[in-house]
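Structural characterization, general
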Amino acid sequence: MEFRGCGGPYEDLDGFMNRPAQLAENLLESGITAMKIWPFDPAAAETRGQYITTPQMKKR
């Protein structure tokens, strides 16, 4: 899943999915010392958010 160039409210999602280290550094530079994430959207989308299977997680 790729969100590059989307900007707006999904800018951090793009950073998390594609450049997590850079996102963490940017947040630290802004004075933010914690980050809550939900890395399961790509797997959950396959089942409309109903469940996530072990094979789905292993292929990520």
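Each remark here, short or long, concerns the structure printed above.
Report on the accompanying structure. A quick note: this is a predicted structure, and the numbers were derived from the prediction, not measured. (Residues numbered from 1 in each chain as written. Predicted model: local features only at pLDDT ≥ 70, side-chain atom pairs only at ≥ 80, totals over all residues. Heavy atoms only, no water.)

**Things to note about the overall build of the protein chain**
The helix and strand inventory of the protein chain stands at four helices and zero strands. For the protein chain, restricting intrachain contacts to residue pairs at least 6 apart in sequence, the fraction spanning at least 24 positions comes to 6%. Roughly 4800 Å² of accessible area belongs to the protein chain as shown, and the carbon and sulfur atoms make up 54% of that amount. (Helix = DSSP H or I, 4+ residues; strand = E, 2+ residues; numbered from the N terminus. Contact = heavy atoms within 4.5 Å. Areas by Shrake-Rupley, 256 points an atom, 1.4 Å probe, with all protein chains shown as cover.)

**Considerations on the environment of L27**
Looking at the secondary structure, you find L27 in helix α2 (residues 20-29). Placed 15 residues apart in sequence, L27 and D12 show a C-alpha to C-alpha distance of 9.8 Å. If sequence neighbours within four positions are ignored, L27 has contacts with I32 and M35.

**Remarks on the side chain of Q56**
Within the secondary structure, Q56 sits in helix α4 (residues 54-58). Accessibility expressed as a relative area gives 7% for Q56, which makes it buried. (Buried < 20%, exposed > 50% of the residue type's maximum accessible area, 1.4 Å probe, protein only.)

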